[in-house]
Structures are given as C-alpha cells and as structure tokens.
Amino acid sequence: MHELSIATAVLERAAEEARRHAPARVTAVRVRVGELAGVVPDALRFSFDVARRGTALAAARLLVEEITATARCAPCGDDFAVGTPPFLWCPRCDRPTTRLLTGRELEITGIELEEASA
Amino acid sequence: MCRVIDVRQAVLAENDALAGALREELAARGTTVVNLLSSPGSGKTALLEPVLAAAVARGVPVAALTADLATENDARRLARSGAPVRQVLTGGLCHLEAAQLRGHLEDWPPDDTRVLFVENVGNLVCPAAYDLGEKLRVTLMSVTEGEDKPLKYPTAFGLAHLVVLTKTDIADAVGFDRVAFTQNVARVNPGVEILATSARTGEGLEVLVDRMLAVADGAAVHRPTMEGGRAAAARRAHVAPGPEPGRPHARGRHRRPGPESLTAPQP
Ligand SMILES: Nc1nc2c(ncn2[C@@H]2O[C@H](COP(=O)(O)OP(=O)(O)OP(=O)(O)O)[C@@H](O)[C@H]2O)c(=O)[nH]1
Ligand SMILES: [Mg+2]
Ligand SMILES: [Zn+2]
C-alpha cells in the first residue's frame, strides 16, 4: 500500500503551491493517474482522506483524472489502447511496440483555491 | 471566489531527482546498483547468497543492502558470503525510497565496490514505483507463484531490465507452464531477457553473475517499453512542451515469444 506515501507526497506538493497563494484555502487537488502508474485510484482517494487530516489541506478534495494507457506502433503508425492487463504489441501488426504514449502519469495538474474572506 | 492554479508536477519528482543524483554519484564512485524486486519469499536472499559468494570468488568487490519490514535474518544470511552487508528496517514501509538508500551511502559501501545489490522489500506492487538510482532493475518470480503474475503485476514486470525465474528445481512438481510465463512477460515487456535459476541446483547462477557484472562494466541494459512511458510522463510533468524529445531508441527485430525457448527474444 504505497498509496499512502503517494497521497502524502501529493499533499506536500499541493501545500507548497498553496503557500505561494496564501491566504487562499485549497478546496481541491487535481491529479492524473495513468493506468500503468501502479497506483489504484480508489486506494489513493482513501489514503488522501486519511493523510489530509490535521494539515492545511484538511478540507481539500482529491480529483483524480484516470488516463488510459496507449502505445504507438512505429511500423504502421497506429495508436492503440494497451488494455488491462497491458498488451504492448500492435494488434494490427502483431509486433511489439517500443513507444508507450500515455499511461504512466502520476502527476499533480492543479489546485483549486478559495480566497479567504476578508 | 474560486480559482484554479495550474501545476504540472510529477508526484514522485523528489524521489526521482534524488535517484538521478544517486545514480550519478555512484557512477562517479564506480559502483553500480542492482535493485532486486519480487513478492515475499520468491528467493531473493537465497539467490543473492551464491551470487555474492561467486563475485567474491571471482575477486570482484560487491556489497549488499537488504530491506525488510522487520528482522535482520536476511543480512545475517548474506553476510556469510564475506561481502559487506547492511540491513535496512523500513519500519512498516512497504518499499524502499531513494532517500533511505542515500542515508546508507555516506561512508558505505567500501570505495572499491563494483556492484551494490539492493534487496527490496518483498512486494510486487509498491517498490516498482520508486527509482533507487539503480542501473539494473531485476524482477524475480518463483515457479510456485503462477505464470499469470506478470499480468497481475504489470509494472513490476513491465519495468524490469531483467527477469529472473527462481526455484526451477521444483518447476515440474508444481506444474509450472514456462511457455505461458514467457508469453506473459513478453506481453508486458517485449524483448526483456528471462533467466531461469535455482539456488538449490545452481542452475543459471553463473549466467546471472555474468549479466550483472557485465552491466557494471558498462554493458547496455534492456530498455522496457513501459520505462519510456515513465520517462516521458516525468518529462511532460517537468518541462513545457518542446520539440519531440528524440526518436524512440531503435530496437532490433523481435520474434513472437515461441515455445522453443524460455528466454524472451533479445534484439
Ligand atoms: N526449492 C527451492 N527453494 C528455494 C529456492 N530459493 C529459495 N527457496 C526457498 O524459498 C524460501 C524463501 O526464500 P528467501 O530467499 O528467503 O526469499 P526472499 O525473496 O528473500 O524473501 P523475503 O526477503 O522475505 O521477501 C526459503 O524457504 C528458501 O529455502 C530454490 O531455488 N529452490
Ligand atoms: Mg529476503
Ligand atoms: Zn502496427
């Protein structure tokens, strides 16, 4: 269960970003999680709920955008979804691909802020 | 009032940056890190024992660092080889992170160490997400675990530079299907080499030692398709979109994994 470590890292990065916009309050953190990132979105949401307690982001929600894994076949130029479990071979040429286009994302894409009322 | 701040940052950017720095620092010292990943009990320690002994016998200075949730049993077993060994107790953490490894590398291992073996925590999920600055990432699986594990743990097998099958001495007893295993590995990591080994009979051990020492001597390492995805995702997260970051590395021809060999085709 490294989702707790991941959630903690997300909170730290988001808190760093939020400090630059103080005193605005973070209401949500947006992340992208690729199908092949090795992270289970539900476990991440759950871990985030636990990890945010008692931090400056205690009220922030985690918005997870799940990214489908896709690859490109160099010989035929086709882009295809690799599926679950992944099959890194071109379904048209039946040859392995060396080019994964998407699916390994594990990144923060934004934070939503609410200005503190004066 | 509400507003959205755009951030583009890899969640593990800190670990990845630290791992990158470690890789460079160790390269400068002449030490290559080999990261060993598998589920609990696949035989990482049992394999490492004769590997360390073989390296010592060949006069190659090696060291090992073994990570466990608890107990120093593995370090005790490995130390019998005569190689310097350290135990990391992760205190409940299910994987090793670059920062923990760095904590042990201040005045260790000895300067002349060619290969530092890192036995990760027994776990096929979490360790795969954390780069430790290794040059060679080895994923092991024993014949008792079932041929479908590469499909159930695609990142552990998909990111491997080398796959090692262990406990082949009992393969027949458990009805292990080598063809299915080879095909499943090739499905998530086309082109990766699979070495069949047994710590009991010694099968494959010399070849394994050869492979690992060759990497320390600068031999090219397999580039998993999935690793390209990791690098690309990290790049996208760090820098503004620029020109296409170079052509994908040229690969030789691949054969469809056939039943004739256990080793997946090498370019
Ligand atoms: N038959 C057979 N048994 C083996 C072999 N290698 C390891 N074992 C047995 O498998 C069990 C686990 O081996 P370990 O080397 O402790 O496995 P490990 O991956 O280091 O385990 P953790 O560090 O706890 O994750 C032990 O009982 C070993 O005796 C082998 O090649 N053949
Ligand atoms: Mg062990
Ligand atoms: Zn194709």
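Structure shown above.
The present account deals with the structure reproduced in this document. Everything numeric in this text was worked out from a predicted model, so none of it was measured.

Counting secondary structure elements, chain A contains 2 helices and 6 strands. Listing each helix as α and each strand as β along chain A from the N terminus yields α-β-α-β-β-β-β-β. In terms of overall size, chain A is more extended than a compact globule, its C-alpha atoms giving a radius of gyration of 18 Å where 118 residues would be expected to give roughly 13 Å. The buried share of chain A, taken over its 118 residues, is 53%. Here the analysis covers contacts within chain A between residues at least 6 apart in sequence; of these, 71% occur between residues at least 24 apart.

We now examine the site of ligand 1. Residue and element names in this part refer to chain B. Taken together, 19 residues lie around ligand 1, and Lys 44, Thr 45, Ala 46, Asp 169 and Ala 199 are the ones closest in. Contact between ligand 1 and Ala 46: an oxygen atom at 2.8 Å from a main-chain N or O atom of the residue. Against a free-state accessible area of 650 Å², the protein chains account for coverage of 74% of ligand 1. Looking at the shell around ligand 1, the elements that each hand over two or more residues are α2 (44–57) and α3 (73–79). Among the elements that take part in the shell around ligand 1, α2 stands out by supplying 3 residues, more than any other. In terms of residue class, the shell around ligand 1 is made up of 4 nonpolar, 7 polar and 8 charged.

Once that is clear, we can look at the interface of chain B and chain A. Taken together, the 44 residues of chain B in the interface contact 39 residues of chain A. Contact between chain B and chain A buries roughly 3900 Å² in total, counting both sides, with carbon and sulfur atoms accounting for 57%. Between Arg 13 of chain A and Glu 14 of chain B there is a salt bridge, with its nearest N and O atoms 2.6 Å apart. Counting across the chain B and chain A interface gives 14 residue pairs in polar contact (both at pLDDT 80 or more). Across 7 bridges, strand β6 (residues 106–114) of chain A lies against strand β1 (residues 2–10) of chain B in antiparallel orientation. Paired with Gly 110 of chain A across the strands is Asp 6 of chain B, a residue of β1 of chain B.

Residues and elements named next belong to chain B. Interhelical geometry of α2 versus helix α8 (residues 205–216) gives an angle of 65° and a closest axis separation of 10 Å. Compared by their axis directions, α2 and α8 come out roughly perpendicular. As for how α2 packs across α8, the hand of that crossing is right-handed. Contacts between α2 and α8 involve Leu 47, Pro 50, Val 51 and Ala 54 on the former and, on the latter, Leu 205, Glu 206, Leu 208, Val 209 and Met 212. Taken together, the residues of the contact of α2 with α8 break down into 8 nonpolar, no polar and 1 charged.

So, on to the coordination of the magnesium ion (ligand 2). Residue and element names in this part refer to chain B. Protein ligation of the magnesium ion (ligand 2) involves Thr 45 (OG1), Asp 74 (OD) and Glu 119 (OE), the donor distances falling in the range 2.0 to 2.1 Å. As a motif over one chain, the donors of the magnesium ion (ligand 2) read T-x28-D-x44-E. Linking Thr 45 in helix α2 with Glu 119 in strand β5 (residues 115–119), this pair joins segments that are 74 residues apart in sequence. Considered together, Thr 45 and Glu 119 belong to a single accessibility category, that of buried residues.

Turning our eyes to something else, we now look at α8 of chain B. In an α-helix there are 3.6 residues to a turn, and that puts residues three or four apart on one side. Residues and elements named next belong to chain B. With 12 residues, α8 ought to run about 16 Å at 1.5 Å a step, and its terminal C-alpha atoms sit 17 Å apart, in line with that. Taken residue by residue, α8 has Leu 205, Leu 208, Val 209, Met 212, Leu 213, Val 215 and Ala 216 as its buried positions. For α8, the angular spread of the buried residues around the axis is 155°, confining them to a single face. The inward-facing, buried residues of α8 contact β2 (32–37), α2, β5, β6 (136–142), β7 (162–166) and β8 (193–196). Once α8 ends, the next one or two residues include Gly 218, with phi positive near 105°.

About the cut-offs
Residues numbered from 1 in each chain as written. Chains lettered and ligands numbered in written order. Predicted model: local features only at pLDDT ≥ 70, side-chain atom pairs only at ≥ 80, totals over all residues. Heavy atoms only, no water. Helix = DSSP H or I, 4+ residues; strand = E, 2+ residues; numbered from the N terminus. Rg over C-alpha atoms; globule rule 2.2 N^0.38 Å. Buried < 20%, exposed > 50% of the residue type's maximum accessible area, 1.4 Å probe, protein only. Contact = heavy atoms within 4.5 Å. Near = heavy atom within 4 Å. Polar contact = N/O pair within 3.5 Å; in protein donor to acceptor, adjacent residues only side chain to side chain. Areas by Shrake-Rupley, 256 points an atom, 1.4 Å probe, with all protein chains shown as cover. Nonpolar A, V, L, I, M, F, W, Y, C, P; charged D, E, K, R; others polar. Buried area = accessible area lost by both parts, 1.4 Å probe. Salt bridge = Lys/Arg side-chain N within 4 Å of Asp/Glu carboxyl O. Pairing = 2+ DSSP bridges. Axes fitted to C-alpha atoms, helices over the stretch in contact; angles between N-to-C directions. Parallel < 35°, antiparallel > 145°, perpendicular 65-115°, else oblique. Left-handed = near helix turned anticlockwise from the far one by under 90°. Donors = N, O, S within 2.8 Å, 3.2 Å for Na, K, Ca; no water. Expected span 1.5 Å × (residues − 1). Arc of directions from axis to C-beta.

Take it as geometry only, folks, not as evidence of what the structure does.
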